[in-house]
There are 2 protein chains.
Amino acid sequence: MNKVTMADVAKVAGVSKSTVSQYLNKRYEYMGEKTKLKIEEAIEELGYQPNFIARSLKQKRTSMVGIIVANITHFFSTEISRAIEDFCHTHDLHAIFCNADDDPEKEKNYIEMLRAKQVDGLIIFPTGQNNDLYKKMVSQGYPVVFVDRKVENLDVFSVITDNAHATSMAVQHVIEKGHRNIAFVVQPLKVSPRIDRLTGYKKALTDAGIEINSDYIIEASIPDMKNKLEQLFSLEVKPTALFAANDRVFMAVGEFLKEKGIKLGKDLELIVFDNIPFSHLLDSPISFIEQPAAEMGKKAAELLFQQINKEDTPPEVFVFPSRIV
Amino acid sequence: MNKVTMADVAKVAGVSKSTVSQYLNKRYEYMGEKTKLKIEEAIEELGYQPNFIARSLKQKRTSMVGIIVANITHFFSTEISRAIEDFCHTHDLHAIFCNADDDPEKEKNYIEMLRAKQVDGLIIFPTGQNNDLYKKMVSQGYPVVFVDRKVENLDVFSVITDNAHATSMAVQHVIEKGHRNIAFVVQPLKVSPRIDRLTGYKKALTDAGIEINSDYIIEASIPDMKNKLEQLFSLEVKPTALFAANDRVFMAVGEFLKEKGIKLGKDLELIVFDNIPFSHLLDSPISFIEQPAAEMGKKAAELLFQQINKEDTPPEVFVFPSRIV
DNA sequence: TTGTAAGCGTTATCAG
DNA sequence: CTGATAACGCTTACAA
């Protein structure tokens, strides 16, 4: 189908392949006006489309970057992704998105396949379970930026938010409203944001002189959450406030509450870590901790871009503050 | 960084490039156990990663497919995308997603760049404004599948839903509930689903013997929507029901209603075309028309896969029924 | 069973 | 200003 090659164009235009190549790369400087026109015509006539694969092979640069998202069903992820894509678009990079589904095996596959496809760099929301692989990339000087989650013992560019601090502030706020029995619901503590948010929660309680009650801390995967919530709400002293550690937890909790007829605002105060797209449609008084996703995405893309263009700056961790809404 | 090439492996293993190539392509049939092992070791030792770019150039097949989404902020789009990716993943295809932002210019760019990158096929949520380009692809026999939106005068594989019919049913349902003043809110009528939904709306009214009141039909872009809604709700006879033609319209409408203190269910009945992720969290009685996104995505991927593998079947349009929830 | 050599469609280096 | 010619890293007949 795409059988027209540079050689064909050259033949029709009556010039050589190299001249056509020059033309395509806009190096007209020393090019005769007449040849330029002839080539233009030939391209038009044949419907020629350059083959980027061939070019990439030669240039060892694909102008593609890969983004490996831990879980695309987080609204936060799609927001960041959008920002990354925007940046790439204005910098002549093409962004390829993959969804690791929070599965280290899949993450590994994607990293390997993207590197095999010679993408120029990678932005990763790491599962945190592939440290050897991360280390290898970094030590090979391959351009990488980590987003959302910290990776231990690795000197690498990262873009994260102040999970512990924001959580702590939010919980403190709820305490000031008079709540003492505050539950904390989170998915399995496998990645840094979850851990940091829990830390922030504990800190706020401790600072306020409230004892930490492990019955109020629920760590469960989304499918198991319902059962755990049942337990939580059959306690003698029920929580009057609940902190959902991210949007998916929020949804699970919301579903549960609805089912049980527990009224937000009246029976329970809810705080959620994450931007929720439909939040303004809910008339319940829910607090949200909003991460500056757009800026974070942009920063990550920028950092990657710099690495790709060999601007040698030492790896740094950028912490963006979150906002309580 | 990825300087290890097949030649290096061959040298270390003491065999020739072609033997290594055989090994990599799992054609061990006639390969000595000893050579196999030597190659294995060499690969391990050097940390060799094959270069897909080079392979693609030779094979004229990249094992990548492109998906051009009209607007990724529609939840429906991400759902379909997920399904497409799942299918691709199980069929050794890599999916690249691009967001055309409902902009024909961007769409054109992406189509061209993806083809230049030699992707094996394209799944497009068409803007509908690039008919020449679509036509060209089809006539060149390039594998394409259109999703969500119909393209006129083009014999091509498409996966859509029964927009007019589903809308008509939903509106009819609202009429049966006793509503007569039903508004219809839609973004600019540039693509077939919007047009078809409007058609369905009109049909339901006509069938019920209700006169179509153009004051109740709002066609506006999201930023303009608020103003138009102001007008709608300053009419003497206000609508008692409102049909939002998709999720983004729903959000705009929801925001407006909230601002105005118009209560869902009480003051206004709402029907939305599209699956909304947080719908079960809203305690207002909203009806949704749910498209079978997962099945549609899978079907689209399947159709593309068949074309890529040259299973010659004539183009067909697959219509999936939507469900009212 | 393994090696040789000719491409795939570009770009880059030098001559002319 | 333009044109040979050699890469880029891999696959694939065909030979050995």
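Residues numbered from 1 in each chain as written. Chains lettered and ligands numbered in written order. Predicted model: local features only at pLDDT ≥ 70, side-chain atom pairs only at ≥ 80, totals over all residues. Heavy atoms only, no water.

Thoughts on the overall build of chain A
Move 1: When helices and strands are tallied, chain A shows 12 helices and 12 strands.
Move 2: For chain A, whose C-alpha radius of gyration is 26 Å, the value lies well above the compact-globule estimate of 20 Å for 325 residues.
Move 3: Out of the 325 residues in chain A, the part that is buried amounts to 50%.
Move 4: Looking at chain A alone, contacts between residues at least 24 apart form 65% of all its contacts between residues at least 6 apart.
Move 5: Summed over its atoms, the accessible surface of chain A is roughly 15,000 Å², and 50% of this surface lies on carbon and sulfur atoms.
Move 6: If the 40 positive side-chain charges of chain A are averaged to one point and the 45 negative ones to another, these points end up 5 Å apart. (Helix = DSSP H or I, 4+ residues; strand = E, 2+ residues; numbered from the N terminus. Rg over C-alpha atoms; globule rule 2.2 N^0.38 Å. Buried < 20%, exposed > 50% of the residue type's maximum accessible area, 1.4 Å probe, protein only. Contact = heavy atoms within 4.5 Å. Areas by Shrake-Rupley, 256 points an atom, 1.4 Å probe, with all protein chains shown as cover. Lys, Arg positive; Asp, Glu negative; His and termini not counted. Charge placed at Lys NZ, Arg CZ, Asp CG, Glu CD.)

Points about the sheet that holds strand β10 (residues 286-290) of chain A
All names here are of chain A.
Move 1: On the basis of which strands lie adjacent, the open sheet formed by 6 strands has the order β7-β6-β8-β9-β10-β12 and mixed pairing. The open sheet is flanked by β7 (217-219) and β12 (323-324), the only strands paired with a single partner.
Move 2: Two elements, strand β9 (residues 269-273) and β10, share 4 bridges in a ladder whose sense is parallel. Within β10, the position partnered with Phe273 by the bridge is Ile289.
Move 3: Of the strands in this sheet, β6 (182-186), β8 (241-244), β9, β10 and β12 touch helix α8 (residues 163-176), which is tilted by about 170 degrees from β9.
Move 4: Most of the contacts of helix α11 (residues 247-260) go to β9, to which it runs at about 150 degrees, and overall it touches β6, β8, β9 and β10. (Pairing = 2+ DSSP bridges. Axes fitted to C-alpha atoms, helices over the stretch in contact; angles between N-to-C directions.)

Here's the deal with the sheet that holds strand β6 (residues 182-186) of chain B
Residue and element names in this part refer to chain B.
Move 1: Overall, mixed pairing links the 6 strands, which are arranged β7-β6-β8-β9-β10-β12 in an open sheet. Strands with a single pairing partner mark the edges of an open sheet, and in this sheet they are β7 (217-219) and β12 (323-324).
Move 2: With 4 bridges joining them, β6 and strand β8 (residues 241-244) adopt parallel strand pairing. Across the sheet, residue Ala183 finds its bridge partner in β8, namely Leu242.
Move 3: Where helix α11 (residues 247-260) meets the sheet, it contacts β6, β8, β9 (269-273) and β10 (286-290), and its direction lies at approximately 150 degrees from that of β9.

Here's the deal with the pairing of β8(B)
Residues and elements named next belong to chain B.
Move 1: Burial along β8 is two-sided: Ala241 and Phe243 and Leu242 and Ala244, pointing in opposite directions, are all buried.
Move 2: For β8 and β9, the ladder comprises 4 bridges, and the chain directions are parallel. Bridge assignment links Ala241 to a residue of β9, and that residue is Glu269.
Move 3: In terms of handedness, the path from β8 via α11 over to β9 forms a crossover that is right-handed. (Right-handed = clockwise from strand over helix to strand, strands pointing away.)

Some points on the interface of chain A and chain B
Move 1: Facing the 48 residues of chain A at the interface are 49 residues of chain B.
Move 2: Buried surface at the junction of chain A and chain B, both sides included, amounts to about 4,800 Å², of which 62% is carbon and sulfur.
Move 3: Across the chain A-chain B interface, the total number found is 2 salt bridges.
Move 4: Those elements giving two or more residues to the side of chain A that touches chain B turn out to be α4 (52-59), α5 (75-90), β2 (94-99), α6 (104-116) and α11 of chain A.
Move 5: Per element, the largest residue contribution to the side of chain A that touches chain B is 6 residues, and it comes from β2(A).
Move 6: The residue inventory of the side of chain A that touches chain B, partitioned by class, reads 24 nonpolar, 14 polar and 10 charged. (Buried area = accessible area lost by both parts, 1.4 Å probe. Salt bridge = Lys/Arg side-chain N within 4 Å of Asp/Glu carboxyl O. Nonpolar A, V, L, I, M, F, W, Y, C, P; charged D, E, K, R; others polar.)

Let's talk about the pairing of β6(A)
All names here are of chain A.
Move 1: Among the 5 residues of β6, 5 are classified as buried, and the element is accordingly described as predominantly covered.
Move 2: Summarising the sheet, β6 and β7 pair through 3 bridges and their orientation is parallel. By the bridge assignment for β7, Val186 is matched with Glu219.
Move 3: What joins β6 to β7 is helix α9 (residues 192-207), and the crossover it makes is right-handed.

Comments concerning the environment of B:Leu264
Move 1: Looking at the element boundaries, B:Leu264 is found in the loop between α11 and β9.
Move 2: In this structure the C-alpha to C-alpha distance between B:Leu264 and B:Pro285, which are 21 residues apart in sequence, comes to 7.2 Å.

Remarks on the relation of the copies chain A and chain B
Move 1: Rotating chain A by 180 degrees and moving it 0.0 Å along the rotation axis overlays it on chain B with an RMSD of 0.1 Å. Within this description, the copies of the chain are treated as partners about a two-fold rotation axis. In terms of proximity to the rotation axis, the leading residue of chain A is A:Ile96, whose C-alpha is 2.5 Å off the axis.
Move 2: A symmetric contact is evident, with 98% of the interface residues of chain A recurring at the interface of chain B. (Least-squares fit on C-alpha atoms with pLDDT ≥ 70 in both.)

Section: the protein's contact with DNA strand C
Move 1: With respect to spatial proximity, 25 residues lie near DNA strand C, and among them A:Ser21, A:Tyr48, B:Ser18, B:Tyr30 and B:Thr35 are the closest.
Move 2: Between DNA strand C and A:Arg55 there is a distance of 3.2 Å, counted from a phosphate oxygen to a side-chain nitrogen or oxygen.
Move 3: At a separation of 3.3 Å, a phosphate oxygen of DNA strand C approaches a polar side-chain atom of B:Lys60.
Move 4: Taken together, the elements giving at least two residues each to the surface near DNA strand C come down to α2 (17-24) and α4 of chain A together with α2 (17-24) and α4 (52-59) of chain B.
Move 5: In terms of residues, the surface near DNA strand C owes the most to one element, α4(A), which gives 4 residues.
Move 6: Across the surface near DNA strand C, the residue classes break down as 8 nonpolar, 12 polar and 5 charged. (Near = heavy atom within 4 Å. Polar contact = N/O pair within 3.5 Å; in protein donor to acceptor, adjacent residues only side chain to side chain.)

Regarding the environment of A:His94
Move 1: Of note, A:His94 is situated in strand β2.
Move 2: Distance from A:His94 to A:Thr127, taken between C-alpha atoms, is 24 Å for residues 33 residues apart in sequence.

Regarding empty space enclosed by the protein
Move 1: Enumeration over the complete set of coordinates arrives at 7 cavities of 30 Å³ or more.
Move 2: When its volume is computed, the largest cavity comes out at roughly 250 Å³.
Move 3: In this structure, the largest cavity is lined by 16 residues; those nearest its centre are A:Ile72, A:Phe97, B:Ile72, B:Ser81 and B:Phe97.
Move 4: Those elements that place two or more of their residues in the lining of the largest cavity are α5 and β2 of chain A together with α5 (75-90) and β2 (94-99) of chain B.
Move 5: Across the lining of the largest cavity, the residue classes break down as 6 nonpolar, 6 polar and 4 charged. (1 Å grid on protein atoms, 1.4 Å probe; cavity = no way out; pocket = protein on both sides within 12 Å on 5 of 7 lines; lining within 4 Å. Points joined across faces, edges and corners; volume = space filled by probe spheres on them.)

Regarding unusual backbone geometry
Most peptide bonds adopt trans geometry, and most residues besides glycine take a negative phi value.
All names here are of chain A.
Move 1: Phi at Asp92 takes a positive value of approximately 55 degrees, unusual for a residue other than glycine.
Move 2: Locating Asp92 in the fold gives a position in the loop between α5 and β2.
Move 3: The exposure class of Asp92 is exposed, given its relative accessible area of 63%.

Digging into the packing of aromatic side chains
Residues and elements named next belong to chain B.
Move 1: Under the criterion given, the structure shown has 12 aromatic pairs over all chains.
Move 2: With 5.1 Å between their ring centres and 70 degrees between their planes, Tyr134 and Phe146 make a pair best called edge-to-face. Note that Tyr134 is positioned in helix α7 (residues 131-139) and Phe146 in strand β4 (residues 144-147), a separation of 12 residues in sequence. The exposure classification of Tyr134 matches that of Phe146, with both residues buried.
Move 3: Ring centres of Phe250 and Phe288 lie 6.3 Å apart, and the angle between their planes is 75 degrees; on these two criteria the pair is classed as edge-to-face. Placement of Phe250 in helix α11 and of Phe288 in strand β10 is noted, with a sequence separation of 38 residues between them. Like Phe288, Phe250 is buried. (Phe/Tyr/Trp six-rings, centres within 6.5 Å; stacked < 30°, edge-to-face > 60°.)

Remarks on the state of the cysteines
Move 1: All chains considered together, the criterion is met by 0 disulfides over all chains.
Move 2: Summary of cysteine pairing: B:Cys88 is not part of a disulfide, and the nearest cysteine sulfur, belonging to A:Cys98, is at 11 Å.
Move 3: With relative accessibility at 3%, the residue B:Cys88 sits in the buried group. (Disulfide = S-S within 2.5 Å.)

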